[in-house]
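Structural overview for review
Residue-level listing of the chains:
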Amino acid sequence: MSANYSFQIAEITGYQFPFEPIKSNMFALVCDDDVFAIDTNISPEGLEFIHKHADKNWIAIFTHEHFDHISGLNTLRDTCARVTVVASAQSSANFAHMRRNMSAHYDALFVMKDEETQALARSIVPNGYQAAPADFRFSGTLEFDWHGLGVKLQSTPGHTKGSICVLINETHIFTGDTLVNGFPAVTKLPGGSRKDYQEFALPFLNSLPEDALIYPGHGEIAPLREIDFARTEPIS
Ligand SMILES: [Fe+2]
């Protein structure tokens, strides 16, 4: 069973929904009749949240195309009438590509886990997963305001070509798999590039302010200063 946690950005409350088998995170901020989500997954609490807020206006940003980050997208679209899905053009193009979104090989992510977890993984995606493209696609950067929060979407290729980070008020950084605390960045999956990571993603991470708070694609929220940057260097 997964858990969910709450956090605060300015006056707005956000929630974290980890999908426990692989601890991939869905985040969602709620204000009035609006929801701002970053990745959506099929954790029980994530799905419950989607249903509970079905009548709200959703902006859902996706950090990249991998299944563990988009697994809740079809449910979101099926459940909520007013959803705007935002992703980089390159990630969006891979939403329906089962090898590039990793759903064709999803159980391979669990080979090191116990048999029960492996069985769960096989039951979740028996035939792969496809999602329709994003409603709004961009390249480079995209900036907008959401209920007084300054939002910036920043392209950070490396983990995949289309990977992005989401910055809120410059100090709350949702990194997807561009930065996962405690683990080197993975650049060997389809679309990944160690060269891109070193050329684009790493300089971006190094440019973040000291007081930045990292909301990673997997694992717990942590201050940037507590993250061992040497371990964010990609595996060759
Ligand atoms: Fe990923």
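Residues numbered from 1 in each chain as written. Predicted model: local features only at pLDDT ≥ 70, side-chain atom pairs only at ≥ 80, totals over all residues.

So, on to the overall build of the chain. Counting its secondary structure elements, the chain contains six helices and 13 strands. Taking 2.2 N^0.38 as the reference for a compact globule, 236 residues should give roughly 18 Å; the C-alpha atoms of the chain span a radius of gyration of 16 Å, in line with that estimate. Residue burial in the chain is summarised as follows: out of 236 residues, 43% are buried. Sequence separation of at least 24 residues holds for 62% of the intrachain contacts in the chain that already meet a minimum separation of 6. (Helix = DSSP H or I, 4+ residues; strand = E, 2+ residues; numbered from the N terminus. Rg over C-alpha atoms; globule rule 2.2 N^0.38 Å. Buried ≥ 20, exposed ≤ 12 C-beta atoms within 10 Å, placed from the backbone. Contact = placed C-beta atoms within 7 Å.)

Before going further, it helps to spend a moment on the nonpolar core. Residues Ala28, Ala37, Ala60, Ile61, Val85 and Val166 are the most contacted members of the largest nonpolar core, which totals 50 residues. The leading source of residues in this core is strand β10 (residues 164-168), at five residues. When residues no more than four places from it in sequence are discounted, the contact partners of alanine 60 are Ala37, Thr40, Leu76, Val83, Val85 and Val86. (Core = buried A, V, L, I, M, F, W, Y, C linked by C-beta atoms within 7 Å.)

Of all five residues in strand β4 (residues 34-38), four are buried, a share of seventy percent or more. Pairing of strand β3 (residues 24-31) with β4, which is carried by five bridges, proceeds in the antiparallel orientation. Bridging from a neighbouring strand, leucine 29 pairs with phenylalanine 36 of β4. Two strands pair when backbone bridges link them, and β4 and strand β5 (residues 57-61) are joined in this way by five bridges, in the parallel orientation. Looking at β5, one finds that valine 35 is bridged to tryptophan 58. (Pairing = 2+ DSSP bridges.)

Take the sheet that holds strand β12 (residues 213-216) next. Read across the open sheet, the six strands follow the order β8-β9-β10-β11-β12-β13; overall the sheet is mixed. Each having just a single partner strand, β8 (141-146) and β13 (222-223) make up the two edges of the open sheet. Relative to strand β11 (residues 172-176), β10 runs antiparallel, the two being bridged by three bridges. Bridge pairing in β11 links leucine 167 to isoleucine 173.

Turning our eyes to something else, we now look at the sheet that holds strand β6 (residues 82-88). Ordered in space as β1-β2-β3-β4-β5-β6-β7, the seven strands form an open sheet in which the pairing is mixed. Looking along the sheet, the strands with just one partner apiece sit at the ends: β1 (5-9) and β7 (136-138). Ignoring strand direction, the axes of neighbouring strands in this sheet form an average angle of 20°. In this sheet, β3 lies alongside strand β2 (residues 12-19) in antiparallel orientation, the contact comprising seven bridges. Bridge pairing in β3 links phenylalanine 17 to methionine 26. Against the sheet, helix α1 (residues 44-52) engages β2 and β3, with an angle of about 135° to β2. (Axes fitted to C-alpha atoms, helices over the stretch in contact; angles between N-to-C directions.)

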